[in-house]
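Okay, here's what each chain looks like letter by letter:
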Amino acid sequence: MSGGGVFTDILAAAGRIFEVMVEGHWETVGMLFDSLGKGTMRINRNAYGNLGGGGASLRGSSPEVSGFAVPTKAIESKFAK
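What comes next concerns the included structure. (Residues numbered from 1 in each chain as written. Predicted model: local features only at pLDDT ≥ 70, side-chain atom pairs only at ≥ 80, totals over all residues. Heavy atoms only, no water.)

**Some remarks on the overall build of the protein chain**
Right, so step 1: Helix and strand counts for the protein chain come out as one helix and zero strands.
Right, so step 2: Evaluated residue by residue, the protein chain yields a buried proportion of 4% over its 81 residues.
Right, so step 3: By element, 65% of the accessible surface of the protein chain is carried by carbon and sulfur atoms, the whole surface being about 7,600 Å². (Helix = DSSP H or I, 4+ residues; strand = E, 2+ residues; numbered from the N terminus. Buried < 20%, exposed > 50% of the residue type's maximum accessible area, 1.4 Å probe, protein only. Areas by Shrake-Rupley, 256 points an atom, 1.4 Å probe, with all protein chains shown as cover.)

**Things to note about the pattern of salt bridges**
Right, so step 1: Considering all chains together, one arrives at one salt bridge under this definition.
Right, so step 2: With a shortest N-O distance of 3.4 Å, K38 and D34 are connected by a salt bridge. One end of the pair, K38, and the other, D34, are both in helix α1 (residues 6-48), four residues apart, so they sit about a helical turn from each other. (Salt bridge = Lys/Arg side-chain N within 4 Å of Asp/Glu carboxyl O.)

**Comments concerning a nonpolar patch on the surface**
Right, so step 1: A surface patch of nonpolar side chains, amounting to about 650 Å² of accessible area, comprises F18, V22, W26, V29, F33 and L36.
Right, so step 2: Checked against the element boundaries, F18 lands in helix α1.
Right, so step 3: In this structure F18 comes out as exposed when scored by relative accessible area, which is 56%. (Patch = residues over 30% accessible without salt bridge, like charges linked within 9 Å, V, L, I, M, F, W, Y side chains within 5 Å.)

Printed below as a string of structure tokens:
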């Protein structure tokens, strides 16, 4: 601290502390959004397979039932006349 007085030195130090705090908060928010994006991509990859560059098979799905659901009985459309 060069030149000023005690109040100037205190204000300069407080300004530097505030600047470091703001930069730290923005870095934390950036890391939060990065983690949120990566987690969302992982969920989509597990849920939808090919979405987001995932593999063809779903992780955690049963090998016997990895296709589409098939109804066990005939279903009539409720809008049919």
